[in-house]
Amino acid sequence: MGNENNNLERASLAKTLGRGDIWAFAFGSIVGWGWIMLAGGWVTSAGTVGAIIAFAIAIVFCCIIGMAFAELSPMLPQAGGVLIYAYRAGGYKFGWFAAWAMCFAYVAVAAWEGPAFGTAVEYLIPMPDTGALYSIQGYDVELPWLLISIAGTLFTVICNWRGMKTMAVFNTIACIALVAGGLIYFGGGVTLGEIANAMPAIKDGWSGIIVVLMAAPAMFVGFDVIPQSVEEMKIPLKQVGKMVIFAIILGGIWYMMMILGSAFGAPAEFRDNAAIPVADIATYCMGSKVFGSIVIIAGIGGILTSWNAMYVGATRIIFSMARAKMLPPVFGKLHPKYKSPTAALTLVGVLGIAAVFLGSNALGWFVDASSFGTVVAYLCAAVAFFVLKFKEPELERPFRAPLGKFMGVLAILAGIAFVCMYLPFSPSGGLGYMEWIMVAIWTVIGIILAVAVRFSDYSKISAAEREVLIYGETYARKDLK
């Protein structure tokens, strides 16, 4: 590469995350608000044992795919996650596709947190009945709920705007609230509830299990955010890989506990008609709305931790693509003081506020749509993991996944199995039309941006120059022109 790269300006993120910050980030990135609304429905769809089986399968599949992230992230410790790995394995187009799929997953999950926040606050503080502004899919959108949801979105943007360290402080506090409330819910449900409520153990066989399994990838979105923030971590690289696997297992155990608490805590008829299932089950089982409010506070903690994680994931991918001249340069700029990607934050924040206007019924659409984007990106990461085993075996790997190249094969098969669940021939019927509309819109936006950037002067740099912009001098390949 010689001197041609000496004049390149490559913005770098500050290393601010300590071990405690990362532990809270690892768990909080996976567990958000979804369990509050969906845990009771998982029991209804598959039965108590069936729902647990679905999440056990999801843990195994996600750990197999997680092994790819665990090995790759400390091997190439740069912000961008799947972009970093896919570009290295398959070049510009493969990197762009993988990054855009992962970004869709993060943006979609971040989008549902706004409506979730509004719903949670409404439970704690009853709002005046101002009448519906409008209705979407049978749900009335009212002004107080709308304003609260927008305020929560703006608060999250501000926390992230002020840098990773500020975000980490709020994240740790929220994570403590999340764990405390969740443990109270689980303990109350299994000790004060009845085993009769948890019957049948398995409902509708594998069909019911697959329905729950379809929702699982969105529940595990977050472990892949850990590699996104590796450039900002102050810990030995080998520990990063271990944290990826730890986060998956811990998140899976959490969801199983919430399934048990929901199953034992209330009869099926009550669960199915509850407005906010987990909170209402807590109130029913423990005999006071105080416990429902405690669960909601835990849920708000989950919203904030997951929300922060999705903003980190989405903005770091957008920042990394812009830094590599794969998106307009404005998205590669960092705040002079806080070192946060402000333009990327603004974009994700605007999309999040727009999503609020779809109402709380959009939660299900965002869950399934984001899950599809997630599994597509996971498959890309698995392919990159396998390819780089052959292409660059000499790269230092601080964390090595077991089974060598065979783990790469297993990761690809797991990724394919996950993707197939969302296609029309799946036993569950795949995605609905609203989810496909979301996927189509994001795809069109991606195609427009990819074509616009590809044919602009901005992208006219050599492969060697782009290599340095993506990986930095330390990890860039030296044989490119």
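The rules behind the values
Residues numbered from 1 in each chain as written. Predicted model: local features only at pLDDT ≥ 70, side-chain atom pairs only at ≥ 80, totals over all residues. Heavy atoms only, no water. UniProt positions renumbered as here; feature names shortened; annotations may be inferred. Core = buried A, V, L, I, M, F, W, Y, C linked by side-chain atoms within 4.5 Å. Buried < 20%, exposed > 50% of the residue type's maximum accessible area, 1.4 Å probe, protein only. Helix = DSSP H or I, 4+ residues; strand = E, 2+ residues; numbered from the N terminus. Patch = residues over 30% accessible without salt bridge, like charges linked within 9 Å, V, L, I, M, F, W, Y side chains within 5 Å. Areas by Shrake-Rupley, 256 points an atom, 1.4 Å probe, with all protein chains shown as cover. Salt bridge = Lys/Arg side-chain N within 4 Å of Asp/Glu carboxyl O. pLDDT = per-residue confidence, 0-100. Contact = heavy atoms within 4.5 Å. Phe/Tyr/Trp six-rings, centres within 6.5 Å; stacked < 30°, edge-to-face > 60°. Axes fitted to C-alpha atoms, helices over the stretch in contact; angles between N-to-C directions. Parallel < 35°, antiparallel > 145°, perpendicular 65-115°, else oblique. Left-handed = near helix turned anticlockwise from the far one by under 90°. Nonpolar A, V, L, I, M, F, W, Y, C, P; charged D, E, K, R; others polar.

Looking at an unreviewed UniProt entry, the protein chain carries the name APC family permease, with the source organism given as Candidatus Allocopromorpha excrementigallinarum. We quote the UniProt Subcellular location (unreviewed entry) comment for the protein chain here in full: "Cell membrane".

Colleague: Requested: an account of the nonpolar core, with residues and values cited.
Modeller: Of all hydrophobic cores here, the largest spans 165 residues; its most connected members are Trp35, Trp42, Phe55, Phe220, Phe223, Tyr255 and Met321. Considering every element that reaches this core, the biggest residue donor is helix α5 (residues 92-124), with 22 residues. By size, the runner-up hydrophobic cluster in this structure holds five residues, among which are Val141, Trp145, Ile150 and Val356.

Colleague: Could you give an account of the environment of Phe425, with specific residues and numbers?
Modeller: Assignment of secondary structure puts Phe425 in the loop between α16 (405-420) and α17 (433-454). Placed 256 residues apart in sequence, Phe425 and Val169 show a C-alpha to C-alpha distance of 45 Å.

Colleague: Describe in detail a nonpolar patch on the surface, supporting the description with residues and values.
Modeller: A surface patch of nonpolar side chains, about 460 Å² in accessible area, is lined by Leu403, Phe406, Val409, Leu413 and Ile416. The partly exposed category is assigned to Val409, whose relative accessible area is 31%.

Colleague: Provide a residue-level description of unusual backbone geometry, including the pertinent values.
Modeller: For residues besides glycine, phi is generally negative; the peptide bonds are generally trans as well. Going from Met199 to Pro200, the amide bond is cis rather than trans, its omega being 0°. Within the secondary structure, Pro200 is located in the loop between α7 (164-192) and α8 (205-220). With a phi angle near 65°, Asp204 is a residue other than glycine that sits in the positive phi range. Mapped onto the elements, Asp204 comes out in the loop between α7 and α8. Unlike most non-glycine residues, Lys325 shows phi in positive territory, near 60°. With respect to the secondary-structure elements, Lys325 resides in the loop between α13 (289-323) and α14 (342-356).

Colleague: Which residues make up the confidence of the model for the protein chain, and what values do they have?
Modeller: Mean pLDDT over the protein chain works out to 84, with 94% of the residues at or above the 70 mark. Within the model, the stretch residues 1-7 combines pLDDT values under 50 with 14 contacts to residues more than four positions away or in other chains.

Colleague: Please set out the environment of Cys62 residue by residue, giving values where relevant.
Modeller: If you trace the backbone, Cys62 turns up in helix α3 (residues 48-75). For the pair Cys62 and Thr474, spaced 412 residues apart in sequence, the C-alpha separation works out to 30 Å.

Colleague: Residues and numbers for the packing of aromatic side chains, please.
Modeller: Inspection of the entire model under this criterion finds 16 aromatic pairs. The interplanar angle of 55° and the centroid separation of 4.7 Å between the aromatic rings of Trp42 and Phe55 together place this pair among those described as tilted. Here Phe55 lies in helix α3 and Trp42 lies in helix α2 (residues 34-46), a separation of 13 residues in the sequence. Its relative accessible area of 4% is what places Trp42 among the buried residues. With 6.4 Å between their ring centres and 50° between their planes, Tyr87 and Tyr471 make a pair best called tilted.

Colleague: So what's going on with the environment of Phe97? Residues and values would help.
Modeller: Mapped onto the fold, Phe97 is located in helix α5. What makes Phe97 partly exposed here is its relative accessible area of 49%. Leaving out residues up to four positions away in the same chain, Phe97 has contacts with Val376 and Cys380.

Colleague: Kindly report on the packing of helix α4 (residues 82-90) against helix α18 (residues 463-475), identifying the contributing residues and their values.
Modeller: Following both chains from N to C, one finds α4 and α18 inclined at 125°, their axes separated by 12 Å at the closest point. Viewed along their axes, α4 and α18 adopt a mutual orientation that is oblique. Viewed along their axes, α4 and α18 form a crossing whose handedness is left-handed. For the pair α4 and α18, the contacting residues are Ile84, Tyr87 and Arg88 in the first and Ala463, Arg466, Glu467, Ile470, Tyr471 and Tyr475 in the second. Considering only residue class, the contact of α4 with α18 consists of six nonpolar, no polar and three charged.

Colleague: Can you explain the pattern of salt bridges? Please cite residues and give values.
Modeller: For side chains bearing opposite charge, pairing can occur when the charged atoms are close. Applying the stated criterion across every chain, the model contains five salt bridges. Residue Arg397 is joined to Glu71 by a salt bridge in which the shortest nitrogen-to-oxygen separation is 2.9 Å. In this pair, Arg397 sits in the loop between α15 (363-391) and α16 while Glu71 sits in helix α3, placing the two residues 326 residues apart along the sequence. Just as Arg397 is buried, Glu71 falls in that class too. As a salt-bridge pair, Arg88 and Glu467 come within 3.3 Å of each other at their nearest N and O atoms.

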